[in-house]
Amino acid sequence: MTHQEAYLLVRAHFPDRLPQEIALTIDELCGLLTCTRQNVKLLLHKWSDQGWVSWYPGRGRGHYSRIRFHRQLREHLMELAIRQIRSGNIQSAHDLVRKYGARDGFKAAWTAWMSTQFGWRQEVTDGGNEDVLRLPYYRPIGALDPLNSQLRTDAHWVKQVFDTLVEWDAERHQAVPHLALEWDCDESGRQWVFYLRKGVHFHHGAELTSEDVVYSLNRLRMSGDRSDYWALLIREIAPLGPLAVSITLKEPNSLFLHVLASPRFSIAAKDHKHLIGSGPFTIEEQTKERFVLKAFAGYFQGRPQLDTIELWITDSVPDDSMYVPLKAAASEQPEYKCIRSKENGACYLLFNSRKTGPQQHPAFRRALALILDRARLVQSLGSDRFAPATGFHPSIMVEEAWEAPDLLELEGLLNQAGYRGETLRLRTYFVSDGAYERSAQAIAAQCEPFGIRMKAEISSRQVFHSSTADAELLLMGVVAGDDWGLFLHQMIRSDIGLWKSYLPAHTKEELEKLLEQVLMNPDGIFNVEAIRQMDVILQEQHAVLCLYHNIVSTVIHRRLRGVKLSSSGWLQFKDVWFSPRETQ
């Protein structure tokens with residue numbers, strides 16, 4: 001314990017409204033601070049030197065001394081917590097506030113100060129003025145490895161540090177050149193050649209060659225994930241000189257360019273101890289409390305205008321902070337604006353067709369579809385971050401108001417399904433805002449008045465995915481991203497959403513036929529229509545019940561230009577810059 005925190009402990013022990021001068025003994029201070037008499041005397045000496053206290057020692061052991069405090073608890077706590085923040089000890093600062101800041105409205109003052117630290121800032125450094133975007137986040141960012149970029153947030157940060165051979169243009173529904181300047185494919189659809197740009201440099205200065213591409217894609221192939229269809233699709237990768245690469249597939253697949261644009265297929269420098277990318281930002285600092293990216297001056301598409309991106313890892317995110325993109329600002333300030341959009345994908349209910357029970361019967365699934373009031377479910381979540389949905393594509397909305405089902409029809413459906421009042425297990429997993437847990441409980445509550453008994457079971461995501469077989473119903477969510485064709489392929493063939501495991505056989509057959517049409521017609525616009533057809537199949541058979549979309553709220557400063565948002569609401573940081581004048 002430092003002498004600053006020791007002062008906090010002693011100061012908090014004596015309420016501010018007591019007389020400024022307090023009688024106590026050295027032994028009492030020893031007990032309070034859990035340290036020796038010698039250390040207590042050293043602390044008193046330091047506090048006196050800094051003008052925090054006046055100490056009047058008593059004569060003889062056990063006699064009362066007197067202490068007069070000159071520094072209020074609130075003032076000292078604020079200064080110490082701010083010092084911890086500026087030293088990068090973010091969680092330590094919040095721990096101090098939780099421990100000592102319960103009185104006199106201090107937490108409100110602390111939240112107000114924290115709110116001023118987020119968003120866009122211009123800071124003076126040795127190199128001049130820097131544009132800094134500072135954001136709070138609720139968990140540390142893991143090691144940025146393209147192989148571990150399945151989660152949307154991890155995938156977003158991988159994109160800031162690494163590049164792919166091609167990129168997916170969501171507006172034009174097509175792959176566009178990136179590290180690869182151009183590519184060819186033979187008539188069989190199996191043999192591809194990619195031609196690399198000249199002068200692309202990694203963050204450590206080495207120039208991109210075909211050997212780096214071979215290394216990166218072979219690393220993915222040899223990762224040991226036998227369920228990764230796309231990694232297993234590649235039969236061979238070989239360099240064709242320093243700036244061309246040959247990729248041979250085991251079978252033709254019209255979505256191959258789509259997947260090459262995904263973060264998992266990012267290119268890293270070969271033969272280096274740490275993974276090094278060529279992306280627009282480099283990693284400056286990565287700890288449990290801070291994640292800092294710096295603009296890469298040698299980026300092949302031009303240096304980003306934003307100099308620094310900082311994530312402060314904290315479980316005490318202010319409700320009214322101005323930041324991108326976790327939640328909207330609670331207080332309206334004229335220099336900021338909020339952009340809201342529906343996220344592609346949905347939270348949904350999946351029925352376990354492998355387990356004996358009423359959930360296998362279409363009549364039971366139809367009964368549950370009639371019972372569920374999605375608008376009331378969203379309302380029970382107590383947030384404006386959700387919108388009712390009956391499909392994965394945001395254009396498929398719930399427009400009609402829910403009506404209570406006909407009880408005779410409901411009874412007939414449940415009898416047809418053989419439901420006899422047994423308790424069904426509804427299993428889900430923890431997410432940061434607790435939405436899935438509350439959703440499962442709300443669904444059980446909606447079903448109870450109609451005689452359907454459910455028990456909500458909550459676990460970690462890891463435990464959930466290893467223990468789904470014994471539950472009748474599963475509640476989970478999936479984010480589609482910008483490429484609908486790739487989403488359709490992943491849901492049907494990779495089992496990312498457990499459809500391959502638990503959908504009825506005839507439903508999987510229909511979806512497989514739909515996917516084959518996509519593979520025969522790689523046009524991106526057709527892929528969007530295919531998703532709508534997928535939603536219709538799932539709705540008609542009540543095989544999957546979509547519940548709600550996430551609403552992504554992105555709060556940005558009005559001086560922010562070049563704003564492009566991903567489907568999950570994150571800024572494309574390399575395109576962002578700040579204007580001396582505000583935009584409307």
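Residues numbered from 1 in each chain as written. Predicted model: local features only at pLDDT ≥ 70, side-chain atom pairs only at ≥ 80, totals over all residues. Heavy atoms only, no water.

1. Side note on the sheet that holds strand 11 (residues 244-249)
- Strand order in the open sheet made by the 4 strands is 8-9-11-10, with antiparallel pairing throughout. Strand pairing shows two members of the sheet lacking a second neighbour, strand 8 (180-185) and strand 10 (234-239), which therefore form its edges. Ignoring strand direction, the axes of neighbouring strands in this sheet form an average angle of 20°.
- The pairing of strand 10 with strand 11 spans 5 bridges and is antiparallel. Each bridged residue has a counterpart across the sheet, and for A238 the counterpart in strand 11 is S246. (Pairing = 2+ DSSP bridges. Helix = DSSP H or I, 4+ residues; strand = E, 2+ residues; numbered from the N terminus. Axes fitted to C-alpha atoms, helices over the stretch in contact; angles between N-to-C directions.)

2. Re helix 1 (residues 3-13)
- Counting buried positions along helix 1 yields 8 of 11 residues, so the element is predominantly enclosed.
- Against helix 2 (26-33), helix 3 (37-49), strand 2 (53-56), strand 3 (65-69), helix 4 (73-86) and helix 5 (90-100) lie the buried residues of helix 1. (Buried < 20%, exposed > 50% of the residue type's maximum accessible area, 1.4 Å probe, protein only. Contact = heavy atoms within 4.5 Å.)

3. Structural notes on helix 3
- Its 13 residues give helix 3 an end-to-end C-alpha distance of 18 Å, which sits within 8% of 18 Å, the value for a rise of 1.5 Å per residue.
- Those residues of helix 3 not exposed but buried are V40, L43, L44 and W47. One side of helix 3 holds all its buried residues, which, seen down the axis, span an arc of 100°. In helix 3, the exposed positions angled more than 90 degrees off the buried face are occupied by Q38 and D49.
- At its buried positions, helix 3 is contacted by helix 1, helix 2, strand 2 and strand 3.
- Positive backbone phi, at 75°, marks G51, one or two positions downstream of helix 3. (Expected span 1.5 Å × (residues − 1). Arc of directions from axis to C-beta.)

4. Section: the nonpolar core
- Ranked by size, the top nonpolar core spans 105 residues in total, and within it F392 and W499 carry the most contacts.
- Among the elements that line this core, the one with the most residues is helix 14 (residues 435-447), at 7 residues.
- Counting 39 residues, the second-largest nonpolar core is a separate cluster that includes L9, L24, F69 and Y100. (Core = buried A, V, L, I, M, F, W, Y, C linked by side-chain atoms within 4.5 Å.)

5. Points about unusual backbone geometry
- Positive phi, close to 55°, is recorded for T34, a residue that is not glycine.
- Inspection of the secondary structure assignment puts T34 in the loop between helix 2 and helix 3.
- The phi dihedral of D271 is positive, around 55°, even though this residue is not glycine.
- Counting through the fold element by element, D271 comes out in the loop between helix 10 (256-260) and strand 12 (281-286).

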